[in-house]
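# Structure at a glance
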Amino acid sequence: MFRNQYDTDVTTWSPAGRLFQVEYAMEAVKQGSAAIGLRSKTHIVLGCVNKANSELSSHQKKIFKVDDHIGVAIAGLTADGRVLSRYMRNECINYSFTYESPLPVGRLVVQLADKAQVCTQRSWKRPYGVGLLVAGLDESGAHLYYNCPSGNYFEYQAFAIGSRSQAAKTYLERRFESFTDASRDDLVKDALMAIRETLQGETLKSSVCTIAVVGVGEPFHILDQATVQQMIDAFEIVGEQEGPAAAAGQEASAEPEAEQGGAAAGEGVAPMDI
Amino acid sequence: MPKQQANWSPYDNNGGSCVAIAGADYCVIAADTRMSTGYNILTRDYSKICKLADKCVMASSGFQADVKALQKHLAARHLIYQHQHNKQMSCPAMAQLLSNTLYYKRFFPYYSFNVLGGLDNEGKGCVFTYDAVGSYEKVGYSSQGSGSTLIMPFLDNQLKSPSPLLLPVQDAVTPLAEAEAVDLVKTVFASASERDIYTGDKLEIVVINADGIRREYMDLRKD
């Protein structure tokens, strides 16, 4: 992105009607390591790639439990994500305290979006540099939402954010029609496959990714490494059998990346209008 | 017209008794299930016992509306603790939290007389006893509530806990086995129900040990 004279603070519009600071915040989300989410009628699975700064350090926590029925995966400035998770946890606790029932997911994401919007309209604040995939179960069913730094939020059947998320999105677009009625285990397998797409050739191991599940009769929890490795092993065998198909898949994923590069240079549509 | 005194009180006493006994590897917490106001019974089936953490249970008698508010407050604080520390609160930690929470309302207290029971980090039974404003002490056994004046001397007689002021420091936990402690609790409540009008109906017993938490009920006199 080239420098603009309208990008110094968030309260300045550009002549084209854009808030560049907000768009730059969305860029920060694209720089973070990938996070994906997908849902069926009864379960939602969140997954993320564990990227460590160096071989010596541990990886950052990107999936947070917000309540028994809600969890969130983040991409971007993880510090901002931590702060927002704390806010979400507080809101859930306060709602439960007052109404003796779990906070509906739709309400939480609206509150989160309104909180993000405030930071796009104050000269002494900056937008949150984190995208959140909010997975939650309430009376109206299973939900997966994506909250942007811009203050927008959208509901998805499946979505991926962060770096190399386009590869995962392509995989999810191919498979999403089967998700609604998929079993919980199939959903987790699809999540692992989507994560594998973002790894671009790197071996998929349980140390490289984190998976969390929430569903009917299953409070939000992060799967432990052993379980995840078992599931990887279970379908890696299948993956080997699909060798020719995988090779064809890699070729296909190379094309969308070229398209993505072209779109960035074009800058036709403002990124907020997803 | 003579000067009128305030005749509305924010408090009420719903009666009932609570007991807790600590053992070497277990803890027994018990309370009756009668809820009264004045000379009337509101219900015969109200639990005064609340599980605050995996190995920590609280029984409270007094004004049940304040008890309920206190329980909700502690449950919310426990959730925050779990989010921050990624683990359950230990019984001694919860004991301190309860004390601080009670003292916070020193000048408009929770009308709640509590006993906290559970296992400490080493798996040993522990019981903490409180007054309404948070003064607390770790003991081997305790009782609170309308029947405590009848129950406590009997427990002293049976369990004879050494004074915590004596040196060398002696173990407060009772040498009784779990089954014996449960029997003692049943005996104690049966006796208290005879003379205390606010204690009776049903006895709820909660036992915490290494295997988890177990609940038992026993009928008491309904008069």
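Basis of the calculations
Residues numbered from 1 in each chain as written. Chains lettered and ligands numbered in written order. Predicted model: local features only at pLDDT ≥ 70, side-chain atom pairs only at ≥ 80, totals over all residues. Heavy atoms only, no water. Helix = DSSP H or I, 4+ residues; strand = E, 2+ residues; numbered from the N terminus. Buried < 20%, exposed > 50% of the residue type's maximum accessible area, 1.4 Å probe, protein only. Contact = heavy atoms within 4.5 Å. Areas by Shrake-Rupley, 256 points an atom, 1.4 Å probe, with all protein chains shown as cover. Buried area = accessible area lost by both parts, 1.4 Å probe. Salt bridge = Lys/Arg side-chain N within 4 Å of Asp/Glu carboxyl O. Polar contact = N/O pair within 3.5 Å; in protein donor to acceptor, adjacent residues only side chain to side chain. Pairing = 2+ DSSP bridges. Axes fitted to C-alpha atoms, helices over the stretch in contact; angles between N-to-C directions. Disulfide = S-S within 2.5 Å. 1 Å grid on protein atoms, 1.4 Å probe; cavity = no way out; pocket = protein on both sides within 12 Å on 5 of 7 lines; lining within 4 Å. Points joined across faces, edges and corners; volume = space filled by probe spheres on them. Nonpolar A, V, L, I, M, F, W, Y, C, P; charged D, E, K, R; others polar. Parallel < 35°, antiparallel > 145°, perpendicular 65-115°, else oblique. Left-handed = near helix turned anticlockwise from the far one by under 90°. pLDDT = per-residue confidence, 0-100. Phe/Tyr/Trp six-rings, centres within 6.5 Å; stacked < 30°, edge-to-face > 60°. Lys NZ or Arg CZ within 6 Å of the ring centre and 35° of its normal.

### Considering the overall build of chain A
- Regarding its fold elements, chain A presents seven helices and ten strands.
- Among the 274 residues that make up chain A, the fraction classed as buried is 47%.
- Contacts in chain A between residues at least 24 apart in sequence constitute 63% of all its contacts with a sequence separation of at least 6.
- Accessible surface, chain A as shown: approximately 13600 Å² in total, 51% of it carbon and sulfur.

### Focus: the interface of chain B and chain A
- Contact with chain B, which involves six residues of that partner, is made by seven residues of chain A.
- If you sort the residues of chain B by the area they bury against chain A, B:Lys72, B:Leu79 and B:His83 come out on top, with a joint share of 69%.
- Summed over the shared surface of chain B and chain A, the number is one salt bridge.
- Two residues, A:Glu100 and B:Lys72, come together in a salt bridge whose shortest N-O distance is 2.9 Å.
- Between the two partners, chain B and chain A, sit two residue pairs in polar contact (both at pLDDT 80 or more).

### Quick look at the sheet that holds strand β1 (residues 17–22) of chain B
Residues and elements named next belong to chain B.
- Pairing in this open sheet of five strands is antiparallel, and the strands run β10-β1-β2-β11-β12 from one edge to the other. Bordering the open sheet on either side are β10 (141–145) and β12 (212–219), each of which pairs with just one other strand. Recorded for the sheet is a direction-independent mean angle of 15° between the axes of neighbouring strands.
- Sheet contacts for helix α3 (residues 148–159): β1 and β10; angle to β10, the most-contacted strand, approximately 170°.

### Focus: the sheet that holds strand β6 (residues 141–147) of chain A
All names here are of chain A.
- Strands sit in the order β3-β4-β5-β6-β7 across an open sheet of five strands; the sheet is antiparallel. The open sheet has two edge strands with one neighbour each: β3 (63–67) and β7 (153–155). Ignoring which end each strand starts from, the neighbouring axes of this sheet average 25° apart.
- Where helix α1 (residues 20–31) meets the sheet, it contacts β4 (70–76), β5 (130–138) and β6, and its direction lies at approximately 100° from that of β4.

### Points about the state of the cysteines
- All told, the structure shown has zero disulfides over all chains when counted by the stated rule.
- Free of any disulfide, B:Cys18 has its nearest cysteine sulfur in B:Cys50, 12 Å distant.

### Section: the pattern of salt bridges
All names here are of chain B.
- Tallied over the entire structure, the rule returns 21 salt bridges over all chains.
- The partner of Arg-44 in a salt bridge is Asp-201, with the nearest N and O atoms 2.5 Å apart. Placement of the pair is Arg-44 in the loop between β4 (40–43) and β5 (49–53) and Asp-201 in the loop between α4 (178–195) and β11 (202–209), with a sequence separation of 157 residues.
- Given the relative accessible area of 0%, Asp-201 is considered buried.
- Arg-214 is paired through a salt bridge with Glu-178; the nearest N and O atoms lie 2.6 Å apart. With Arg-214 in strand β12 and Glu-178 in helix α4, the pair connects residues that are 36 residues apart, well separated along the chain.
- Take Arg-214: its relative accessible area is 35%, and that puts it in the partly exposed class.

### Some words on the layout of surface pockets
- What the second largest pocket holds in volume is close to 600 Å³.
- Taken together, 26 residues line the second largest pocket, and the ones lying closest to its centre are A:Lys65, A:Phe220, A:His221, A:Ile222 and B:Asn86.
- Those elements that provide at least two residues to the lining of the second largest pocket are β3, α2 (78–99), β9 (209–215), β10 (218–222) and α6 (225–241) of chain A together with α1 (64–85) of chain B.
- Among the residues forming the lining of the second largest pocket, the class breakdown is nine nonpolar, eleven polar and six charged.

### Notes on the packing of α2(A) against helix α3 (residues 105–118) of chain A
Residue and element names in this part refer to chain A.
- For the pair α2 and α3, the least separation of the axes is 11 Å and the interaxial angle reads 135°. Taken together, α2 and α3 sit at an angle that is classed as oblique. As for how α2 packs across α3, the hand of that crossing is right-handed. Every residue of α3 that contacts α2 at Leu-84, Tyr-87, Met-88, Glu-91, Cys-92 and Tyr-95 is listed here: Arg-107, Leu-108, Gln-111, Leu-112 and Lys-115.
- Within the contact of α2 with α3, the residues separate by chemical class into seven nonpolar, one polar and three charged.

### Examining the confidence of the model for chain A
- Per-chain confidence: chain A averages 86 in pLDDT, with 85% of residues scoring 70 or above.
- Across residues 240–270 of chain A, confidence stays below pLDDT 50; counting only partners more than four residues off in sequence or on other chains, it has nine contacts.

### Observations concerning the packing of aromatic side chains
- Enumeration according to the criterion identifies twelve aromatic pairs over all chains in this entry.
- Note on A:Tyr95 and A:Tyr99: the rings are 4.6 Å apart at their centroids and 40° apart in plane angle, and the pair reads as tilted. Of this pair, A:Tyr95 and A:Tyr99 both sit in helix α2, four residues apart, roughly one helical turn.
- Exposure remark for A:Tyr95: the relative accessible area of 17% places this residue in the buried category.
- A network of ring pairs unites the aromatic residues B:Tyr11, B:Phe63, B:Phe108, B:Tyr111 and B:Phe113 as a single cluster.
- Here the guanidinium or amino end of A:Lys115 rests over the ring plane of A:Tyr87, the centre of that ring lying 4.5 Å away.
- For the cation-ring pair, B:Lys72 lies above A:Phe97, with the distance from its terminal atom to the ring centre recorded as 4.9 Å.

### Side note on empty space enclosed by the protein
Residue and element names in this part refer to chain A.
- The full count for this structure, using the stated rule, is one cavity of 30 Å³ or more.
- Within this model, the largest cavity holds a volume of roughly 70 Å³.
- Every residue along the wall of the largest cavity is listed here: Leu-84, Leu-112, Ala-113, Ala-116, Tyr-128, Val-130, Leu-132, Asn-147, Cys-148 and Pro-149.
- Among the elements of the structure, α3 and β5 are those that each provide at least two residues to the lining of the largest cavity.

### Considerations on the environment of A:Lys51
Residues and elements named next belong to chain A.
- Examined against the element boundaries, Lys-51 turns out to sit in the loop between β2 (43–49) and β3.
- Taking the C-alpha atoms as reference, Lys-51 lies 7.3 Å from Val-208; in sequence the two are 157 residues apart.
- Those residues in contact with Lys-51 that lie beyond four places of it in its chain are Gln-31, Ser-33, His-59 and Gln-60.

### Observations concerning the pairing of strand β8 (residues 125–130) of chain B
All names here are of chain B.
- Counting buried residues along β8, six of its six residues qualify, which places the element largely inside the surrounding structure.
- Burial along β8 is two-sided: the face carrying Gly-125, Val-127 and Thr-129 and the face carrying Cys-126, Phe-128 and Tyr-130 are both buried.
- Sheet analysis places strand β7 (residues 112–119) next to β8, joined by five bridges and oriented antiparallel. Looking at β8, one finds that Gly-117 is bridged to Val-127.

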